[in-house]
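Residue strings, one per chain:
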Amino acid sequence: MADEPTNRDAFLQQAAFCAAMDAPVTARVCTALAEALTRDSETGWRTLDWPGEPIPDALPLRLVGGLHALARTGSDPALTALFAGRGDAVATLRRVLVDHDAALLPWLDGPPQTSEPMRSGVLMTGLLAVAAAHGPRVELLEIGSSAGLNLLIDRYRFDLGGVRVGPEDAAVTIRPDWRGAPPPAVPVAIRSVRGVDIQPLDATDFTVATRLAGYIWADQPERQARLSAAIAMQRARPVDLVQGDAVDWLRDRLAEPQAKGTTRVLLHSVVWQYLGDARRGAITAMMDDAAARATPDRPLAWVRMEPDRVLQRQELHVQHWPGQPEPRMLATAHAHGAWIEAT
């Protein structure tokens, strides 16, 4: 259980992470919050008395998301200016936490939801490695799908170090800054994409879209444009996203018949830390069992992008059966997929 100094320090840790991810405005807000938080508001005391672990629980990002969403409405000009990089950050935040307590408090109820299509570029990098090993046909199972932005992976266009994959007429092109050797230039034929989340979001709902926009760091307007385009793609054709527990859902999916010549792939990004030890252990055990049944005709793969907070980067690990039973780190990446570096 954390205490007040630990909870305050979590905002400084998040500030360092934001600064490393080229988000100086958001870093400044996080730094100021470490000082500005008081017990004069319910939001303040709940944050300072957070009962869990503030970093794994993404406590700073919960509060910053609420503040950014409020800033985007323009209802508090000083807060809007703060998220544009202007003004006295500590004084403004100390007042806003009191003046807008009721609006901010609900943002502490759940962790931030994924709102960045660029992360699909990291996952596609892993899928190219899987396709190189087992052939182009894949069926994708994503846990922690949130608003389903990664579930559009079959509809995005990718340019990964000059390797292009996906529909040429896609409304969204994922083109990260690529570093190092390019991935395998092989075709990928995605047969199905399905996802689950304990609390899925309907990105086509105005309130949800507004919430997702709040979680995007103010320093990065190009991410807002990409999010809007991805949401429009969902409005045109919904994704296959259901509500459920990741363990139960994955157990059922792994038990389904698998088409010959198609690789079944478990995907996730920035999810593992939220599952807890019990769920992580259950998923690992299920994948071990499924791996023991995998054959050259019906392969299995695990592609995941998860953070190393010590090194302040994301890491892409891939393993597949038969062939590569141990996880192999294929790349490191920016938290939002802005750059990918092959390892």
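Residues numbered from 1 in each chain as written. Predicted model: local features only at pLDDT ≥ 70, side-chain atom pairs only at ≥ 80, totals over all residues. Heavy atoms only, no water.

**A closer look at the overall build of the chain**
Here's step 1: When helices and strands are counted, the chain shows 12 helices and 12 strands.
Here's step 2: For 343 residues, the compact-globule estimate of 2.2 N^0.38 gives 20 Å, and the C-alpha radius of gyration of the chain, at 20 Å, lies within 12% of that figure.
Here's step 3: Considering only C-alpha atoms, the chain reaches an extent of 60 × 40 × 35 Å along its principal axes.
Here's step 4: For the chain, buried positions account for 56% of its 343 residues.
Here's step 5: Carbon and sulfur atoms provide 52% of the accessible area of the chain, an area that totals close to 14,000 Å².
Here's step 6: Looking at charge distribution, the chain has the averaged site of its 35 positive side-chain charges lying 6 Å from that of its 42 negative ones. (Helix = DSSP H or I, 4+ residues; strand = E, 2+ residues; numbered from the N terminus. Rg over C-alpha atoms; globule rule 2.2 N^0.38 Å. Buried < 20%, exposed > 50% of the residue type's maximum accessible area, 1.4 Å probe, protein only. Areas by Shrake-Rupley, 256 points an atom, 1.4 Å probe, with all protein chains shown as cover. Lys, Arg positive; Asp, Glu negative; His and termini not counted. Charge placed at Lys NZ, Arg CZ, Asp CG, Glu CD.)

**A short note on the packing of aromatic side chains**
Here's step 1: The tally for this structure, following the rule as stated, stands at three aromatic pairs.
Here's step 2: Where Tyr 156 meets Phe 158, the ring centres are 6.2 Å apart and the plane angle is 75°; that geometry is what we call edge-to-face. Phe 158 shares its class with Tyr 156; the two are buried.
Here's step 3: Considering the side-chain rings of Trp 272 and Trp 302, the 5.7 Å spacing of their centres and the 70° angle between planes classify their relative orientation as edge-to-face. Taken together, the residues Trp 272 in helix α12 (residues 272–293) and Trp 302 in strand β9 (residues 300–308) connect sequence positions 30 residues apart.
Here's step 4: We note Arg 304 situated over the ring of Trp 302; from NZ or CZ to the ring centre the distance is 4.1 Å. (Phe/Tyr/Trp six-rings, centres within 6.5 Å; stacked < 30°, edge-to-face > 60°. Lys NZ or Arg CZ within 6 Å of the ring centre and 35° of its normal.)

**Section: the packing of helix α1 (residues 4–20) against helix α2 (residues 24–36)**
Here's step 1: Running from N to C, α1 and α2 point in directions that differ by 170°, and their axes come no closer than 8 Å. On the basis of their axis angle, the class for α1 and α2 is roughly antiparallel. Like other packed secondary-structure pairs, α1 and α2 cross with a definite hand, here left-handed. Mapping the contact onto sequence places Arg 8, Phe 11, Leu 12, Gln 14, Ala 15, Cys 18 and Ala 19 in α1 and Thr 26, Ala 27, Cys 30, Thr 31, Leu 33, Ala 34 and Glu 35 in α2.
Here's step 2: Looking at the contact of α1 with α2 residue by residue, the class counts come to nine nonpolar, three polar and two charged. (Axes fitted to C-alpha atoms, helices over the stretch in contact; angles between N-to-C directions. Parallel < 35°, antiparallel > 145°, perpendicular 65-115°, else oblique. Left-handed = near helix turned anticlockwise from the far one by under 90°. Contact = heavy atoms within 4.5 Å. Nonpolar A, V, L, I, M, F, W, Y, C, P; charged D, E, K, R; others polar.)

**Some words on the side chain of Arg 155**
Here's step 1: Considering the arrangement of structural elements, one finds Arg 155 in the loop between β1 (137–143) and β2 (157–160).
Here's step 2: Polar side-chain contacts of Arg 155 include one of 3.3 Å to the backbone oxygen of Met 233.
Here's step 3: Engagement of the side chain of Arg 155 in a polar contact is seen with the backbone oxygen of Arg 237, the distance being 2.9 Å. (Polar contact = N/O pair within 3.5 Å; in protein donor to acceptor, adjacent residues only side chain to side chain.)

**Points about the side chain of His 334**
Here's step 1: Structurally, the position occupied by His 334 is in the loop between β11 (324–333) and β12 (339–342).
Here's step 2: Among the polar contacts made by the side chain of His 334, one reaches the main-chain amide nitrogen of His 336 at a distance of 2.9 Å.

**Brief notes about the pattern of salt bridges**
Here's step 1: For the coordinates displayed, the defined rule picks out 19 salt bridges.
Here's step 2: Salt-bridge contacts for Arg 95 lead to Asp 99; the nearest nitrogen and oxygen are separated by 3.0 Å. Within this pair, Arg 95 and its partner Asp 99 are both found in helix α6 (residues 89–99), separated by four residues, close to a single helical turn.
Here's step 3: Taking relative accessible area as the criterion, Arg 95 reaches 31% and is therefore assigned partly exposed.
Here's step 4: On the basis of relative accessibility, which here comes to 48%, the residue Asp 99 falls in the partly exposed class.
Here's step 5: The partner of Glu 256 in a salt bridge is Arg 194, and the shortest N-O contact between them spans 3.1 Å. With Glu 256 in the loop between α11 (246–255) and β8 (263–269) and Arg 194 in strand β6 (residues 189–197), the pair connects residues that are 62 residues apart, well separated along the chain.
Here's step 6: Accessibility expressed as a relative area gives 25% for Glu 256, which makes it partly exposed.
Here's step 7: Among the charged side chains, a salt-bridge network with shared partners connects Glu 139, Arg 194, Arg 253, Glu 256 and Arg 264. (Salt bridge = Lys/Arg side-chain N within 4 Å of Asp/Glu carboxyl O.)

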